[in-house]
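Chain by chain, the residues run as shown.
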Amino acid sequence: QVQLGESGGGLVQAGGSLRLSCAASGRTFSTYIMGWFRQAPGKERDLVAAISRSRFYYADSVKGRFTISRDNAKNTVYLQMNSLKPEDTAVYYCAAKNGLVGRLENEYDYWGQGTQVTVSS
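Conventions and cut-offs
- Residues numbered from 1 in each chain as written.
- Predicted model: local features only at pLDDT ≥ 70, side-chain atom pairs only at ≥ 80, totals over all residues.
- Heavy atoms only, no water.
- Buried < 20%, exposed > 50% of the residue type's maximum accessible area, 1.4 Å probe, protein only.
- Helix = DSSP H or I, 4+ residues; strand = E, 2+ residues; numbered from the N terminus.
- Pairing = 2+ DSSP bridges.
- 1 Å grid on protein atoms, 1.4 Å probe; cavity = no way out; pocket = protein on both sides within 12 Å on 5 of 7 lines; lining within 4 Å.
- Points joined across faces, edges and corners; volume = space filled by probe spheres on them.
- Nonpolar A, V, L, I, M, F, W, Y, C, P; charged D, E, K, R; others polar.

Engineer: Please clarify how the pairing of strand β1 (residues 4-7) should be interpreted in this entry.
Structural biologist: In summary, the side chains of a regular strand alternate between the two faces of the sheet. Burial along β1 is one-sided: the residues Leu4 and Glu6 are buried and none of Gly5 and Ser7 is. Across four bridges, the pairing between β1 and strand β3 (residues 18-24) is antiparallel. Within the sheet, the bridge partner assigned to Leu4 lies in β3 and is Ala24.

Here you go:
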C-alpha cells in the first residue's frame, strides 16, 4: 500500500514556474513507476510525465518545459514546471504503479488528492 500527498500548487502568471512535490509512504518507493496526471474542468485526466528507475515519459504538450524527477531517499517525486501557459491550468495528481511506465489513468493503482495549478494570462 502506498499513500501519496501532493504539494506546491498555486497561482502563477504565464511564463512563470512552479515545482510540485509528491511525498510517498512505504519502503518500496524506488520500485514504483511514478506519474503526474492533470485534469482540467470538463476534461479527462491525462498523463503529463512519468518516471521509472531509468526511463522518462513526457506528454508532447509539456516537452521542454516540464521535468520529472525523483529522490528515492526522500520517497518524493517532483514536477518542475517552467514557461507555464494558461492551458496548463488543472488539478495535478501524483500516481504510482508497478511494472512498466503506463500512460492511462486506469493503469495506476495509487493516487494523491491533487493540487490545483492556475496559470493566469
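Engineer: Before we go on, may I ask you to explain the layout of surface pockets in this structure?
Structural biologist: It is a probe the size of a water molecule, rolled over the atoms, that shows where empty space is left. For the largest pocket, the calculated volume is near 170 Å³. Taken together, the elements giving at least two residues each to the lining of the largest pocket come down to β4 (33-39) and β5 (46-51). Sort the elements by how many residues they give to the lining of the largest pocket and β5 lands first, with three residues. Of the residues assigned to the lining of the largest pocket, the class counts are five nonpolar, three polar and five charged.

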